[in-house]
Amino acid sequence: MAKTRLESGSTLDGFIIGDLVHRGGMAHLWQVSRPGDATQMLMKIPVLHEGEDPAAIVSFEMEQMIMPRLKGPHVPRHIANGDFATQPYIVMERLDGETLLPQLDALPLPAETVARLGAKIADALAALHAQGVVHLDLKPSNIMFRPNGDAVLIDFGLAHHRDLPDLMQEEFRLPYGTAPYMAPEQVMGVRNDYRSDLFALGCLMYFFATGTRPFGDPQKLKGLKQRLWQDPVPPRKLQPDIPPWFQEIVLRCLEVRAGRRHPSAAQLAHDLRNPDQVTLTARAGKLTQDGFFAVLKRKGEPPSSLIDKPQADEAELSDAPIVAVALNLDDLTPELSDKLRRTASRILERSPQARLACLNVQKLNRIAMDSSLDEEGNNKHVQRLVGLKDWAQGLKLEQGRITFHVLEAIDPAETILDYARQNNVDHILMGARENSTMRKILGSVSGKVAAEAPCSVTVVRNRQLTEE
Amino acid sequence: MRLGLISDIHANQLALEAVLARCGALRVEQLIVLGDLVGYGPDPEAVVQRMMVLAASGALVLMGNHDEAIGRPTANMNDVALAAINWTRPRLSDASRQFLSQLPLTHRRDDMLFVHADASAPGRWNYVTDTASAHASLAATDAQLTVCGHVHQPQLYCYTATAKVIHHQPSMDIAIPLAPQRRWLAVIGAVGQPRDGNPSAGFAVLDTAAREITFKRAPYDAEAAAERVRAAGLPERLAVRLLTGH
């Protein structure tokens, strides 16, 4: 393999090499530019030594395969790949700012701050998983933020792509990942479960809220495997002011069996943004680790029996959608209400992991914006929650699969759309306005939502009886 | 250059025409035919005639075990395959039989090797069905990419830095980069008799400049093809297979 000597001012495949901005163990990063192109760019060059661990090469190859296929604001834009025959490199968009790594000096952070951060990272994971990619190396140094607050995931050297050959799969005996954040199934060599990234995010949130890593930083396989049977100290034991909902979410992320974690990154983000809607279980109140005998029993089991092996179709996220049903309680006939419920029920039956968010938009009066805080406003809010719960009662959904939200807005369609965008909603369900005179005057909310939604929209309408 | 990779046509003219039309739409510049033009299906003469025309205009056509069996009555085959070959033989013109008998077993171009079955013994027609058989085939050549058929199920194998073989089940219509520092073995699905549960005709497109392979399917009128199998008096099993893809 020919190696080009890189230095500031030299040119490689049309890229002018600037400063060396990062010297890492696996790769060096150079600032580069291209004549006539104002884009801030980075060139990543792998550090390859003859006879060394081939993992470094394979990992760089995987990154070269995966990065050009990724889209959206949550990944750096890919610009070019350099051939291994001459000089392997990846040129990508350069992001301003720092990774989350410097924040480690400020730990612990308040749980609410960590939840906001976690929700942003979960959004980025949802976008990545939707493209068939599991990151498998989520950690503070691989997370950055755009000026608008969007999280950006970097470094896809350990990632798995559903539609590409996984060269890391059977290549190496040891699991690859970063010890403090690696999911138990990843320790056991499973590389295609997107829920491994939820475990890593759980480790990160635990660490950020307590200042302590949940499983330490073991350097040997034996130490890594410990997380299969030994549960972490509950966060509230370390930081008593951590609220139960936060512990519930974090410990759910850290479940050894992937099937007990949140079914998708989008559902995790939704929980982090709606603490009052999180269903609290025994996890929330736990203040001690599992007892000696429980741990001993798990230790006696074969490790492979402690983890969930992902089914082929489980790698698809389409089975854990967030469904939002928007109910206009002021204009809901019993017939339409029933029809909406039956439609929701059919969708939920087909996707047992789906989650339903019931929305009601409380229209704000443009003149009296501040009246929502008064007694009457509060009463109205409660009444609407009661109305939503009453509607949902017939669905007989277990707690945790359904949440209720009363949103206040001047423009109901825009509010529903915002909710769908912010919460990675997969499917919006809503009724058509019954009264056609009203529709004429007020315009169609469902029409606007259907036209502009980032996801599927089902508009439910009672069959109009034609006049004889 | 964009190569159209097709294999195991098995005298299924309707499936072949559907694949050729798709290859045209995908701006394929050259066709590589990996053998088994005849056998099982109802249109052997029409398919071979079409192949002769394609070969004259630049297509590369290789020999498969069914093509060989036309000229070798004692070929080792199962009953249904043998019955179909015996049905096929008298229905081919002399020119077609001559064309089939002259087809090469392998073709090497630059760093690519084309062959109907396992490359370690091309005339023995061993199946490449798992990482062990893929290993045997890959170990027998230094080609960066081996392309074969014979199995009727699309598969991709990669020979890694540590001399292991990784299996990848390709998704359709996804361009898969074939990293040049690895060696690869692509098994192309069948045009005329798929066996992976999807009755649509299988093929693949290889972009040699981008070093990317894309596995594809061409839907065609399998019911009509099955009717033609029945009308020809071939075993019913061969008609059902076209409908189910098993």
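Please read all numbers here as calculations on a predicted model, not as lab measurements.

Moving on: the overall build of chain A. A tally of regular secondary structure across chain A gives 16 helices and 15 strands. Buried positions account for 51% of the 468 residues belonging to chain A. At a minimum sequence separation of 6, the contacts of chain A that also span at least 24 residues come to 71%. Only carbon and sulfur atoms are counted for the fraction: they give 50% of the accessible area of chain A, which is about 22,400 Å².

When you go through chain B residue by residue, the secondary structure sums to 8 helices and 12 strands. Since a compact globule built from 246 residues should have a radius of gyration of about 18 Å, the 17 Å found for chain B is in line with a globular shape. Principal-axis analysis of the C-alpha atoms gives chain B an extent of 50 × 35 × 35 Å. Residues classed as buried in chain B amount to 57% of the 246 residues present. Across chain B, every contact between residues at least 6 apart in sequence was considered, and the portion connecting residues at least 24 apart equals 73%.

As a further point, take a nonpolar patch on the surface. Residues F292(A), F293(A) and L296(A) make up a contiguous nonpolar surface patch of about 390 Å² in total accessible area. Its location among the elements puts F293(A) in helix α10 (residues 292-300).

This part takes up the sheet that holds strand β12 (residues 212-218) of chain B. Residue and element names in this part refer to chain B. A sheet is described by the order of its strands in space; here 6 strands give the open sequence β3-β2-β1-β11-β12-β9, paired in mixed fashion. The open sheet has two edge strands, β3 (60-61) and β9 (175-177), and neither has a second partner. Bridge count for strand β1 (residues 2-6) against strand β2 (residues 30-33) is 4 bridges, and the pairing is parallel. Bridge assignment links L3 to a residue of β2, and that residue is Q30.

A word on the packing of helix α2 (residues 111-130) of chain A against helix α4 (residues 195-210) of chain A. Residues and elements named next belong to chain A. Running from N to C, α2 and α4 cross one another at 165°; their axes reach a closest spacing of 10 Å. As summarised for this structure, α2 and α4 are arranged roughly antiparallel, according to the angle between their axes. Considering only the axes of α2 and α4, their crossing is right-handed. Taken together, the residues of α4 that come into contact with α2 (itself represented by V114, L117, G118, I121, A122, L125 and H129) are D197, L198, L201, L204, M205, F208 and A209.

What follows deals with the interface of chain B and chain A. Accessible area lost on assembly of the parts is the figure often given for the size of an interface. Contacts between chain B and chain A engage 20 residues on the former and 16 residues on the latter. Taken over both partners, the interface formed by chain B and chain A buries close to 1,400 Å², and the fraction arising from carbon and sulfur atoms is 57%. Applying the counting criterion to the chain B and chain A interface returns 2 salt bridges. E61(A) is the salt-bridge partner of R182(B), the closest N and O atoms lying 2.4 Å from each other. If you look at where chain B meets chain A, you find 6 residue pairs in polar contact (both at pLDDT 80 or more). Counted by class, the side of chain B that touches chain A contains 12 nonpolar, 5 polar and 3 charged residues.

Inspection of every chain in the model, using the stated rule, returns 38 salt bridges over all chains. D338(A) is the partner of R342(A) in a salt bridge, and the nearest nitrogen-oxygen pair spans 3.3 Å. Linking R342(A) with D338(A), this pair stays in helix α12 (residues 334-350), spanning 4 residues, or about one helical turn. The shortest N-O distance in the salt bridge between E68(B) and R72(B) comes to 2.7 Å. Where salt bridges share partners, they join E414(A), D418(A), R421(A), K448(A) and E452(A) into one cluster.

Another aspect to go through is the environment of H161(A). Residues and elements named next belong to chain A. Structurally, the position occupied by H161 is in strand β10 (residues 160-161). When the C-alpha atoms of H161 and G132 are compared, they prove to be 5.7 Å apart, with 29 residues separating the residues in sequence. The contact partners of H161, leaving out residues within four places of it in the chain, are I66, R69, Q131, G132 and V133.

For the rest of this paragraph, the subject is helix α4 (residues 79-88) of chain B. Residue and element names in this part refer to chain B. Within α4, the full set of buried residues consists of A81, A84, I85, W87 and T88. Projected down its long axis, α4 carries its buried residues within an arc of 160°, all on one side. At its buried positions, α4 is contacted by α2 (44-56), α3 (65-71) and α8 (236-244). With a side-chain oxygen lying 3.1 Å from the backbone nitrogen of V80, the N-terminal cap of α4 falls on N78.

A word on the sheet that holds strand β5 (residues 78-82) of chain A. All names here are of chain A. Read across the sheet, 6 strands follow the order β1-β2-β3-β4-β6-β5 without closing on themselves; strand pairing throughout is antiparallel. This sheet does not close on itself; its edge strands, each paired only once, are β1 (11-12) and β5. In the sheet, β1 pairs with strand β2 (residues 15-23) via 2 bridges, with the strands oriented antiparallel. In the strand pairing of β2, L12 is matched with F15. Lying on the sheet, helix α1 (residues 55-66) is in contact with β4 (37-46), β5 and β6 (89-93); it crosses β6 at an angle near 45°.

Looking now at the pairing of strand β11 (residues 322-326) of chain A. Residue and element names in this part refer to chain A. Among the 5 residues that make up β11, 5 are buried, leaving the element largely enclosed by the rest of the structure. Both faces of β11 are covered, namely the face carrying I322, A324 and A326 and the face carrying V323 and V325. Of the pairings in the sheet, the one linking β11 to strand β12 (residues 355-363) comprises 5 bridges and is parallel in character. Paired with V325 across the strands is C358, a residue of β12. The handedness of the β11 to β12 crossover, carried by α12, is right-handed. Examined bridge by bridge, β11 and strand β14 (residues 427-431) share 4 bridges and lie parallel to one another. The residue bridging V323 from the neighbouring strand is H427, located in β14.

Here we take up the domain arrangement of chain A. All names here are of chain A. As far as domains go, chain A holds domain 1 (11-93), domain 2 (101-315) and domain 3 (322-460). The C-alpha centroid of domain 3 is placed 32 Å from the C-alpha centroid of domain 2. Each partner contributes residues to the interface: domain 2 has 12 residues there, and domain 3 has 14 residues. In terms of surface lost to domain 3, no three residues of domain 2 exceed Q267, H270 and Q277, which account for 49% of the buried area on that side. Taken together, the connections running from domain 2 to domain 3 amount to 1 salt bridge.

Side chains that are nonpolar tend, in soluble globular proteins, to be buried together. Ranked by internal contacts, the top residues of the largest apolar core, which has 110 residues, are F246(A), L5(B), F114(B) and I213(B). In terms of nonpolar packing, the next biggest core, distinct from the first, is built from 49 residues, L20(B), L26(B), F99(B) and A117(B) among them.

Calculation notes
- Residues numbered from 1 in each chain as written.
- Chains lettered and ligands numbered in written order.
- Predicted model: local features only at pLDDT ≥ 70, side-chain atom pairs only at ≥ 80, totals over all residues.
- Heavy atoms only, no water.
- Helix = DSSP H or I, 4+ residues; strand = E, 2+ residues; numbered from the N terminus.
- Buried < 20%, exposed > 50% of the residue type's maximum accessible area, 1.4 Å probe, protein only.
- Contact = heavy atoms within 4.5 Å.
- Areas by Shrake-Rupley, 256 points an atom, 1.4 Å probe, with all protein chains shown as cover.
- Rg over C-alpha atoms; globule rule 2.2 N^0.38 Å.
- Patch = residues over 30% accessible without salt bridge, like charges linked within 9 Å, V, L, I, M, F, W, Y side chains within 5 Å.
- Salt bridge = Lys/Arg side-chain N within 4 Å of Asp/Glu carboxyl O.
- Pairing = 2+ DSSP bridges.
- Axes fitted to C-alpha atoms, helices over the stretch in contact; angles between N-to-C directions.
- Parallel < 35°, antiparallel > 145°, perpendicular 65-115°, else oblique.
- Left-handed = near helix turned anticlockwise from the far one by under 90°.
- Buried area = accessible area lost by both parts, 1.4 Å probe.
- Polar contact = N/O pair within 3.5 Å; in protein donor to acceptor, adjacent residues only side chain to side chain.
- Nonpolar A, V, L, I, M, F, W, Y, C, P; charged D, E, K, R; others polar.
- Arc of directions from axis to C-beta.
- Right-handed = clockwise from strand over helix to strand, strands pointing away.
- Domains from an automatic or database assignment.
- Core = buried A, V, L, I, M, F, W, Y, C linked by side-chain atoms within 4.5 Å.

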